[in-house]
2 protein chains.
Amino acid sequence: MASITAVSPLAPGSFPDLPIVDGVAFSTVAAGVRYQGRDDVMLAKLIPGTTIAGVFTTSATRSAPVLDCQAKLGVTPQDGAAFLVNSGNSNAFTGRNGVDAVDAIAHATAKACDIPQERVFTSSTGVIGEPLPFEKITSHLDTLSATTTPDGIQAAAQAIMTTDTFAKGAGVTVQTKDGPVTIAGIAKGSGMIAPDMATMLVYIFTDAVISQPQLQELVARHNAKTFNCITVDSDTSTSDTLLMAATGASGIDVSDDAAFSQAVHDVMQTLAHLVVRDGEGATKFVEINVTGAASDADAKIHALSVANSPLVKTAIAGEDPNWGRVVMAIGKSGAAADRDLLSIRFGDVLVAEKGWVSAGYDEAKAAAHMKGQTLSIGVDIGLGNGAATVWTCDLTHGYIDINADYRS
Amino acid sequence: MASITAVSPLAPGSFPDLPIVDGVAFSTVAAGVRYQGRDDVMLAKLIPGTTIAGVFTTSATRSAPVLDCQAKLGVTPQDGAAFLVNSGNSNAFTGRNGVDAVDAIAHATAKACDIPQERVFTSSTGVIGEPLPFEKITSHLDTLSATTTPDGIQAAAQAIMTTDTFAKGAGVTVQTKDGPVTIAGIAKGSGMIAPDMATMLVYIFTDAVISQPQLQELVARHNAKTFNCITVDSDTSTSDTLLMAATGASGIDVSDDAAFSQAVHDVMQTLAHLVVRDGEGATKFVEINVTGAASDADAKIHALSVANSPLVKTAIAGEDPNWGRVVMAIGKSGAAADRDLLSIRFGDVLVAEKGWVSAGYDEAKAAAHMKGQTLSIGVDIGLGNGAATVWTCDLTHGYIDINADYRS
């Protein structure tokens, strides 16, 4: 089972050097919720005035922590706030016990951090359907609150991992029209990844000043083009949560600042790509570009149909430029297509056009592209101007190894 | 790669002893379309007066033979008819060449059998996107036409196989209110199996008398509950075709005969189950029953979401009674559900009820059920009276082995 513990071949060389975000501090602890010998709980403390936006799974069976977070987004930000996250147990499908666990953890966090319980956002990730031993967490809250540090974000990224093979972070110092602000974010996610919000846990921090409605709009808009455009296995988590906190500590107002918006997008896209790069069993990172669809919505349906097709994903694992399976996936998607107008590229190689293999197609060139670690598949539908880009990975023996045994 | 050539562990012991259907005769030949050393073309000749019904893939990229069959269903049956099927090349996504190949094969079949070309139904299954070397087929038509035999259906079932590991047949002699009629059918299908029609090739024959509109209605109605309720991998073929021919040779009119309708259903369900039992890499046959949904349509959406979930399918492969993944699949399906009303069974074992693990749950019993070759998963949504049953298989290393290398 080396494939479970080995770091993904698509992992970056190291955790990035993230900027310090004024107004947030982190701590972690080994609470032993499920994993032994590693930190599994992280606290992020946020200063009074921090605005918080979030997007969540749309699953009908979403977890108690998700429902609790959704109810708290509108709370006014005059007080401090906190994110409290555990790995190892998702507290999903745990009935009344789940609600009680969220309440106990939020209460203990509020007390330890001296903030209202309505400003505590909790997440849990791991096994579904088993009771969360919340006392293991609440007993550490005073220590967690007393030991936060502004430079603890890498440890926080490590504490929230489950089947992840590497910690995921992204950040930037962005020059807005009124001066520099920092953005830093972390994510966890590897399996049960399909775009219906974020399908994972993501926390992004900035010291910019921005109102909650504006931050919410920004996060939701960029989410649609980043986390909602990735898929590992078409399965959608019950716990997906993305929270973004703007502490305002820089004093720089970024309302309507284009550079800030772009920087938030870039951090979100980087984190989303890192989740794909840690896709369970992944050996290839694949970008799928669909153009020429009847609408952008149709383009995304086509692109996700290709990205989620087990036959396309296994062909990629086998380094086979199998355009027939791409045709199949376009055909089954339900969005508008005309077989005789399709053209398909693997990388720069035009494989098929107007419904058949391209006249100048060189399979050796396409096969060479498929041997790379980063691939692209382009499909032009030939009907209109709709376009979409999504990202996925291949389907390998590693995915079977991990999921035929891991109780998630 | 033993998993590719070994017979599925879920295969029946032998090909069934099918009744002879008066009015149809079969022949096969080794034309060398792609496979060597085996028959790969089958002809079924049908007597004048035979009515023919069919249902087909709804893929937007469906193949030239499918489009040709669809156009011919309404033709009046005073003449003889023929089915001509090749394996090894699907003649899909082959542009104008594909249309020409269908025309050449249908023309040669019509000439050899002395019937109008409008009564020749062709199918092709195998590689997508490569030109069909139709001369290899047309050169054998005179021989095929001269050598048909009423008891050749097993050889026909073998000739249409691609990644199938066993030939699939089902049949019955049914006592209608006016006397006995026979039904015999064959199918091929193993991967690229998802319900959007039949996702495979199926040919069913009867000597009953029934009008084309009545036969079409019967086939479409039973198809919705049989072939459209199976999935191997959520991928939908470009070539799916089910054709049923009623030769009328028995002289027995089965219009509105309930026993006949039930027998057609049973043959279709048996063939559909055989396709699942030959699912690529399958080691478990799984029935998923959803009850208590808001509607039958919602129940089918939930059931297929469970059946197509890679995480549910790998848990089954790992013999893990992982109800959390079933909850996940219900939650992501898009159909109405309430987490706190769900109950879930593995076999007879009540695993979860009212949103949490059942009080009397015995994991050892559930785990014992998962070790069987034939499993059932029951989900009650708790909202209404909608119900659906679908069938699927597990997702194993065998699926990866087959599809990371096979150019389909």
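Residues numbered from 1 in each chain as written. Chains lettered and ligands numbered in written order. Predicted model: local features only at pLDDT ≥ 70, side-chain atom pairs only at ≥ 80, totals over all residues.

1. Examining the overall build of chain A
Thought 1: When its secondary structure is counted, chain A shows 13 helices and 16 strands.
Thought 2: In terms of C-alpha radius of gyration, chain A reaches 22 Å, essentially the compact-globule figure of 22 Å for 408 residues.
Thought 3: Reported as C-alpha extents along the three principal axes, the dimensions of chain A are approximately 70 × 50 × 35 Å.
Thought 4: By the burial criterion, 63% of the 408 residues in chain A qualify as buried.
Thought 5: Considering only contacts within chain A whose residues lie at least 6 apart along the sequence, 81% involve residues at least 24 apart. (Helix = DSSP H or I, 4+ residues; strand = E, 2+ residues; numbered from the N terminus. Rg over C-alpha atoms; globule rule 2.2 N^0.38 Å. Buried ≥ 20, exposed ≤ 12 C-beta atoms within 10 Å, placed from the backbone. Contact = placed C-beta atoms within 7 Å.)

2. Thoughts on the sheet that holds strand 10 (residues 285–293) of chain B
Residue and element names in this part refer to chain B.
Thought 1: Read from one edge of the open sheet, six strands run 13-12-11-14-10-15, paired in mixed fashion. Taken across any chain shown, the strands that pair with only one partner, and hence form the sheet edges, are strand 13 (356–357) and strand 15 (386–393).
Thought 2: Across the face of the sheet, helix 9 (residues 296–308) comes into contact with strand 10, strand 14 (374–380) and strand 15 while running at roughly 20 degrees to strand 15. (Pairing = 2+ DSSP bridges. Axes fitted to C-alpha atoms, helices over the stretch in contact; angles between N-to-C directions.)

3. A few points about the nonpolar core
Thought 1: Counting residues in hydrophobic clusters, the biggest one holds 275 residues, and the most contacted among them are Ala 44, Val 306 and Val 326 of chain A together with Ala 44, Val 306 and Val 326 of chain B.
Thought 2: Not counting chain neighbours up to four residues away, the residues in contact with Val 306 of chain A comprise Ile 288, Val 312, Val 326, Ala 329, Ile 330, Ile 377 and Val 379 of chain A. (Core = buried A, V, L, I, M, F, W, Y, C linked by C-beta atoms within 7 Å.)

4. Concerning the sheet that holds strand 5 (residues 120–127) of chain B
All names here are of chain B.
Thought 1: Spatial ordering of the open sheet is given by 1-2-4-5, a layout of four strands whose pairing is mixed. Edge strands, defined here as strands with exactly one partner in the open sheet, are strand 1 (24–29) and strand 5. Sheet twist, expressed as the mean angle between neighbouring strand axes with direction ignored, is 15 degrees.
Thought 2: Relative to strand 2 (residues 41–46), strand 1 is paired through six bridges, and the arrangement is antiparallel. Across the sheet, residue Val 24 finds its bridge partner in strand 2, namely Leu 46.

5. Quick notes on the pairing of strand 14 of chain B
All names here are of chain B.
Thought 1: As paired strands, strand 10 and strand 14 are joined by seven bridges and run parallel to one another. Paired with Val 290 across the strands is Val 379, a residue of strand 14.
Thought 2: Judged from the four bridges that link them, strand 11 (residues 343–346) and strand 14 form a sheet pairing that is antiparallel. In the sheet register, Ile 344 faces strand 14, and the bridge partner there is Val 379.

6. Some points on the domain arrangement of chain A
Thought 1: We note that the domain assignment places domain 1 (2–277) and domain 2 (285–403) within chain A.
Thought 2: The straight-line distance from the C-alpha centre of domain 1 of chain A to that of domain 2 of chain A is 32 Å. (Domains from an automatic or database assignment.)

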